[in-house]
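Analysis of the macromolecular model
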Amino acid sequence: MKRAVVIGANGQIGRPAVEALARDGWEVTAASHGGGRDGAWPEEVRAVRLDREDERALAEVVGAGCDVLVDIVAYGAAHARQLTALADRVGSAVVISSVSVYEDGEGRGFDTQDQPDGFPRYPVPTPETHATVAAGETTYSTRKAALERELLAAGDRLPTTLLRAGAIHGPHCRSPRELYFVKRNLDGRGRRVLAYGGRSRFHPASARNIAELIRLAASRPGSRVLNACDPEAPTVAEIGAAIDAVMGVANESILVDGPAPAPGVGATPWSVPYPVVFDMAAAERELGYRPVVGYAGSLPETVASIERRLAGQDWRAVYPKVVQAYGDVFNYAAEDAWLRA
């Protein structure tokens, strides 16, 4: 039986990844900071505690060796060097990166989006061959680029599949974009304002589809970079309508051309001035990738997860990372004042 070690096993991607590998016949060691188990995992899965920054502990988890090392939480050149140091005991690796590493022809990327005219204009769809930001240690994007550079340079010693994930969604997310529409529906908001005419597209990536890519890459070792996204990239208006359908409500969408018309009004976690859509042809060609779920099909599980966590709780306490990333996205007073005006 082939052995797999998954780092970050108790996270949003790690949970379905462990399940997919175990059900595919792998002997799986699920390593996480808490060392807990997911209820969907087969009993044979071995769960262990791991401090990701402790190199000795990581080496002990790998033990005499494994056929594939899956790293969900790798971030920066130092983590890449941790992995390559184990190359003599690891057959191959599958590591999660991010689509944020891309930059456009003018040097714009996700790190420049808050600057005047700073939002990137990517080709639609964007292939893996497109330019990326310079590697560095200053931002999330540059650190992910550094992770990629180190691992690709060591491809002869440790074949690594790097999966550039899009807007990740699904249960166990600490900053679910879907919260924007779910909470509004729970609060009985009958109208919503959507910037950019509701046409914004930010390519989603189901945690279950990423897990499927991990499963496929584990069985087909290689040194490569692949986009990791869903089969479709719905508009923000389509996402809102799909969530409404799951929750059995009807809303009026007020579409505004251009950016958010006022602070706290019309800006959603998907609101972008230009489409952000990624090409999945390489994954289909190299791994035989076929998505296990579409965006709309994944929503019932996601919505139910958010509803359970919100029950009787302040959304800011439940999802502090949403506040950090997007601010107060439920400023109803500002929205009502704009609508009255």
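Residues numbered from 1 in each chain as written. Predicted model: local features only at pLDDT ≥ 70, side-chain atom pairs only at ≥ 80, totals over all residues. Heavy atoms only, no water.

1. So, the overall build of the protein chain
Assigned secondary structure in the protein chain consists of 12 helices and 11 strands. Computed over the C-alpha atoms, the radius of gyration of the protein chain is 20 Å, within 12% of the 20 Å expected from 2.2 N^0.38 for a compact globule of 341 residues. When its C-alpha atoms are laid out on the principal axes, the protein chain stretches across 70 × 45 × 35 Å. Of all 341 residues assigned to the protein chain, the portion counted as buried reaches 55%. By sequence separation, contacts in the protein chain at least 24 residues apart represent 76% of the contacts at least 6 residues apart. (Helix = DSSP H or I, 4+ residues; strand = E, 2+ residues; numbered from the N terminus. Rg over C-alpha atoms; globule rule 2.2 N^0.38 Å. Buried < 20%, exposed > 50% of the residue type's maximum accessible area, 1.4 Å probe, protein only. Contact = heavy atoms within 4.5 Å.)

2. Details of a negative patch on the surface
Taken together, Asp51, Glu53, Asp54, Glu55 and Glu60 make up a surface patch of like negative charges. As for its position among the elements, Asp51 is in the loop between strand S3 (46–49) and helix H2 (55–62). (Patch = residues over 30% accessible without salt bridge, like charges linked within 9 Å, V, L, I, M, F, W, Y side chains within 5 Å. Areas by Shrake-Rupley, 256 points an atom, 1.4 Å probe, with all protein chains shown as cover. Salt bridge = Lys/Arg side-chain N within 4 Å of Asp/Glu carboxyl O. Lys, Arg positive; Asp, Glu negative; His and termini not counted. Charge placed at Lys NZ, Arg CZ, Asp CG, Glu CD.)

3. A closer look at helix H9 (residues 295–310)
In a regular helix each residue adds 1.5 Å, so 16 residues correspond to 22 Å; H9 covers 22 Å between its end C-alpha atoms and thus fits that length. For H9, the principal kink sits at Glu301 and spans about 30 degrees. Tyr295, Ser298, Leu299, Thr302, Val303, Ser305, Ile306 and Leu310 are the residues of H9 that are buried. On its buried side, H9 packs onto strand S7 (167–169), helix H5 (179–186), strand S9 (204–206), helix H7 (236–247) and helix H10 (315–318). Just past H9, the residue Gly312 takes up positive phi, approximately 70 degrees. (Expected span 1.5 Å × (residues − 1). Bend = angle between axes of the 7 residues up to and from the residue.)

4. Points about the sheet that holds S3
In sheet architecture, strand pairing relies on hydrogen bonds along the backbone and comes in two forms, parallel and antiparallel. Pairing in this open sheet of 7 strands is parallel, and the strands run S3-S2-S1-S4-S5-S6-S10 from one edge to the other. In the strand order of this sheet, the two ends are held by S3 and strand S10 (224–228), each with one partner. Recorded for the sheet is a direction-independent mean angle of 20 degrees between the axes of neighbouring strands. Of the pairings in the sheet, the one linking strand S1 (residues 3–7) to strand S4 (residues 66–71) comprises 4 bridges and is parallel in character. Of the residues in S4, the one forming a bridge with Ala4 is Val68. Taken strand by strand, helix H1 (residues 14–23) contacts S1, strand S2 (27–32) and S4, and its axis lies near 165 degrees from that of S2. (Pairing = 2+ DSSP bridges. Axes fitted to C-alpha atoms, helices over the stretch in contact; angles between N-to-C directions.)

5. Notes on the pattern of salt bridges
Under the counting rule described, the total for this entry stands at 19 salt bridges. Across the salt bridge formed by Arg108 and Asp104, the nearest N and O atoms sit 2.8 Å from each other. Residue Asp104 is classed as buried on the basis of its relative accessible area, which comes to 4%. Where Asp244 meets Arg192, a salt bridge forms, and the shortest distance between an N and an O atom there is 2.7 Å. You can see Asp244 sitting in helix H7 and its partner Arg192 sitting in strand S8 (residues 191–194), a full 52 residues away along the chain.

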